[in-house]
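One-letter residues, chain by chain:
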2 protein chains.
Amino acid sequence: MTLFVVLERPTHPGNIGSVARAMKTTGFSNLILYQPEHYPHQQASQMATHGIGILDNASVIDDLDMFLLGMDLVVACSKRPRNIQIDHYSPDTAAYMVQSSLQNDANVALLFGNETSGLANSTLNYANIMLEIPMADSADSLNLSHAVQIVLYELFKLANQKINLPPQQEMPLASEKLAFEEHLHTTIKQAGLIKHSSTFSKIRSMLRRMRPDRRELQLLFGILNAALPHPNPNKKDV
Amino acid sequence: MTLFVVLERPTHPGNIGSVARAMKTTGFSNLILYQPEHYPHQQASQMATHGIGILDNASVIDDLDMFLLGMDLVVACSKRPRNIQIDHYSPDTAAYMVQSSLQNDANVALLFGNETSGLANSTLNYANIMLEIPMADSADSLNLSHAVQIVLYELFKLANQKINLPPQQEMPLASEKLAFEEHLHTTIKQAGLIKHSSTFSKIRSMLRRMRPDRRELQLLFGILNAALPHPNPNKKDV
């Protein structure tokens, strides 16, 4: 239903403004700023031009994990090869997946990282898919706002073709996925299966990439409950 | 054979730098600046990042007409509706035409206008086709460097698909087209058919949009010579 453009720790205020303008040209309006170095800022307003309304209405958040947990589809836009297994899609292919999710009333986050360091690995654990913009071999990286422009342009193009996308499998709500992840977390923790603090992040990352539909999620619930003792709510641990 | 990114009277040096970076990401390197307000400029260098080599090697020109006369295909990138009849193409469709021309050893110019006023009407007379980037109804305009990024991204995407484009009709060289235009100009001028100074610009604009292939150009030569008396070289007038 709603597309969010999420900038993780953007450094340059001019880029934030340029992103707002890029959003305006493609008809998207929900800009989320996670710990921006400068906001509001005169340079951002200058670069936003007619996207000033989007810039002024941007939401600044301080808990990115919480925000991403409320999303049905998280698309990490990044070029760097990472040591996690996750599907990489081109902007036009990813646009199909995003558009199809939006048509199925999903909340979708397009995540863009810091200009220098890119997306944090901890953020990537929430990604369902990765989007990579093709580039010349000799090139280093795209300007942040240019990357946003390309991704939104592909989405806008697809939305305007007014094609009928194939119906999606019925997907679980973000709250249902979260409920399963929390149930899983508590269960395996109580069963003594979590040895390191990072273990559950890794499990979450796998689950996110797997993207089970609603029936598959029910199946996972069933298997989990059959395999491990039900957690004791009095021992619930976060 | 060669693609030129041509900026007409760019105002903001930061935009010139951002264009150089966009070119770097897509593997294009020939940047032409027609009467830039500031060049070289520190802000341009800053925004160019790894495209600094392209920026430093940009050619500054003072005669855009002469430059465009040497081009085989001139693509005017503009959103404004103009009162000249010319085909408008989307970036992906235009990319096919550009790519096909490049594969046929053509020199292609992608023309981008000033940030505020766009392309001059006199420049549009040299355009073979117009490229229009689709935008949301509520939007005003794209940032200059973002527009360049989108167009080059579509070209890069197409080039990387390594598809075989259908062979083009054999197109006349830029010099052959120019020879015809000059012959036509001289002939109709001596025949007393040019009443206003802008008349030939209009005729040139029509010819450019028509894009005759080599055989068609021969046909036009034949018709012209049959219809009007051969010009007297001693009376040649520019």
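Asker: Looking at this model, I keep getting lost on the overall build of chain A. Mind explaining?
Answerer: A tally of regular secondary structure across chain A gives ten helices and seven strands. C-alpha atoms of chain A, sized along the principal axes, occupy 60 × 40 × 35 Å. Counting across all 238 residues of chain A, residues that qualify as buried make up 38%.

Asker: Help me out: how do you make sense of the nonpolar core in this one?
Answerer: Within soluble globular proteins, side chains that are nonpolar tend to cluster in buried spots. Ranked by internal contacts, the top residues of the largest apolar core, which has 108 residues, are V75(A), L110(A), L111(A), V75(B), L110(B) and L111(B). If sequence neighbours within four positions are ignored, V75(A) has contacts with A94(A), V98(A), V108(A), A109(A), L110(A), L111(A), A127(A), N128(A), I129(A) and L131(A).

Asker: Explanation requested: the relation of the copies chain A and chain B in the structure shown.
Answerer: Two copies of the chain are present, and they differ by a rotation about an axis and a shift along that axis. The two copies are related by a screw operation: chain A maps onto chain B through 180° of rotation and 0.0 Å of translation along the axis, at an RMSD of 0.0 Å. Here the two chains are linked by the operation of a two-fold rotation axis. Comparing interface residues between copies, 100% of those in chain A also sit at the interface in chain B, which points to an isologous, same-surface contact.

Asker: Would you mind going over the packing of helix α7 (residues 144-160) of chain A against helix α7 (residues 144-161) of chain B with me for this structure?
Answerer: Each pair of packed helices can be summarised by the angle the axes make with each other and by the distance between the axes. Contact pair α7(A) / α7(B): the axes reach a minimum separation of 10 Å and the direction vectors enclose 55°. The orientation of α7(A) relative to α7(B) falls into the category oblique. Pair α7(A) / α7(B) crosses with right-handed handedness. Contact with α7(A), carried on its side by H146(A), Q149(A), I150(A) and Y153(A), involves H146(B), Q149(B), I150(B) and Y153(B) of α7(B) and no other residues of that element. Class assignment for the residues of the contact of α7(A) with α7(B) results in four nonpolar, four polar and no charged.

Asker: When you look at helix α5 (residues 91-103) of chain B in this model, what are you seeing that I'm missing?
Answerer: Working note: α-helix, 3.6 residues per turn, so residues spaced by three or four point in the same direction. Between its first and last C-alpha atoms α5(B) spans 18 Å; for 13 residues at 1.5 Å apiece the expected length is 18 Å, and the two agree. On the buried face of α5(B), the contacting elements are β4 (73-77), β5 (88-89), β6 (107-112), β7 (129-131) and α7 of chain B.

Asker: I would appreciate a short explanation of the sheet that holds strand β2 (residues 30-34) of chain A in the present structure.
Answerer: By way of backbone hydrogen bonds, the strands of a sheet pair with one another, either parallel or antiparallel. All names here are of chain A. Read from one edge to the other, the open sheet built from seven strands follows the order β3-β2-β1-β6-β4-β7-β5, with strand pairing classed as parallel. The sheet is open, and its two borders are formed by β3 (59-61) and β5 (88-89), each paired with just one other strand. Pairing geometry for strand β4 (residues 73-77) and strand β6 (residues 107-112), over five bridges, is parallel. Paired with V75 across the two strands is L110, which belongs to β6.

Asker: Help me out: how do you make sense of the domain arrangement of chain A in this one?
Answerer: Residue and element names in this part refer to chain A. Domain boundaries in chain A define domain 1 (2-160) and domain 2 (174-235). A C-alpha centroid distance of 28 Å is found between domain 1 and domain 2. Contacts between domain 1 and domain 2 engage 14 residues on the former and eight residues on the latter. Here the residues of the side of domain 1 that touches domain 2 are counted per class, giving seven nonpolar, five polar and two charged.

Asker: How should α7(B) be read in this particular structure?
Answerer: Between its first and last C-alpha, α7(B) extends 26 Å over 18 residues, near the 26 Å set by a 1.5 Å rise per residue. The buried count for α7(B) comes to 14 of 18 residues, which makes it a mostly enclosed element.

Asker: Whenever I open this one, the pairing of β4(A) confuses me. Can you help?
Answerer: Sheet faces and side chains relate simply in a regular strand, where the side chains alternate between the two faces. All names here are of chain A. Across the five residues of β4, five count as buried, placing the element largely inside the fold. A two-sided burial pattern is seen for β4, the buried positions comprising L73, V75 and C77 on one face and V74 and A76 on the other. Across three bridges, the pairing between β4 and strand β7 (residues 129-131) is parallel. Paired with C77 across the bridge in β7 is L131.

Asker: Which parts of the structure should I look at to understand the packing of helix α8 (residues 174-190) of chain A against helix α10 (residues 214-227) of chain A?
Answerer: Residue and element names in this part refer to chain A. Orientation of α8 relative to α10, taken along the N-to-C sense of each, is 15°, at an axis distance of 11 Å. With respect to α10, the element α8 is oriented roughly parallel. In terms of crossing hand, the pair formed by α8 and α10 is left-handed. Residues E176, K177, F180, L184 and T187 of α8 form the contact with α10, whose participating residues are L217, L220, F221 and L224. For the contact of α8 with α10, the per-class residue count stands at six nonpolar, one polar and two charged.

Asker: So what exactly am I meant to see when it comes to the interface of chain A and chain B here?
Answerer: Interface size is often expressed as the accessible area that is lost when the parts come together. The interface is formed by 23 residues belonging to chain A together with 23 residues belonging to chain B. At seven residues, the largest contribution of residues to the side of chain A that touches chain B is made by α7(A).

Cut-offs used in this document
Residues numbered from 1 in each chain as written. Chains lettered and ligands numbered in written order. Predicted model: local features only at pLDDT ≥ 70, side-chain atom pairs only at ≥ 80, totals over all residues. Helix = DSSP H or I, 4+ residues; strand = E, 2+ residues; numbered from the N terminus. Buried ≥ 20, exposed ≤ 12 C-beta atoms within 10 Å, placed from the backbone. Core = buried A, V, L, I, M, F, W, Y, C linked by C-beta atoms within 7 Å. Contact = placed C-beta atoms within 7 Å. Least-squares fit on C-alpha atoms with pLDDT ≥ 70 in both. Axes fitted to C-alpha atoms, helices over the stretch in contact; angles between N-to-C directions. Parallel < 35°, antiparallel > 145°, perpendicular 65-115°, else oblique. Left-handed = near helix turned anticlockwise from the far one by under 90°. Nonpolar A, V, L, I, M, F, W, Y, C, P; charged D, E, K, R; others polar. Expected span 1.5 Å × (residues − 1). Pairing = 2+ DSSP bridges. Domains from an automatic or database assignment.

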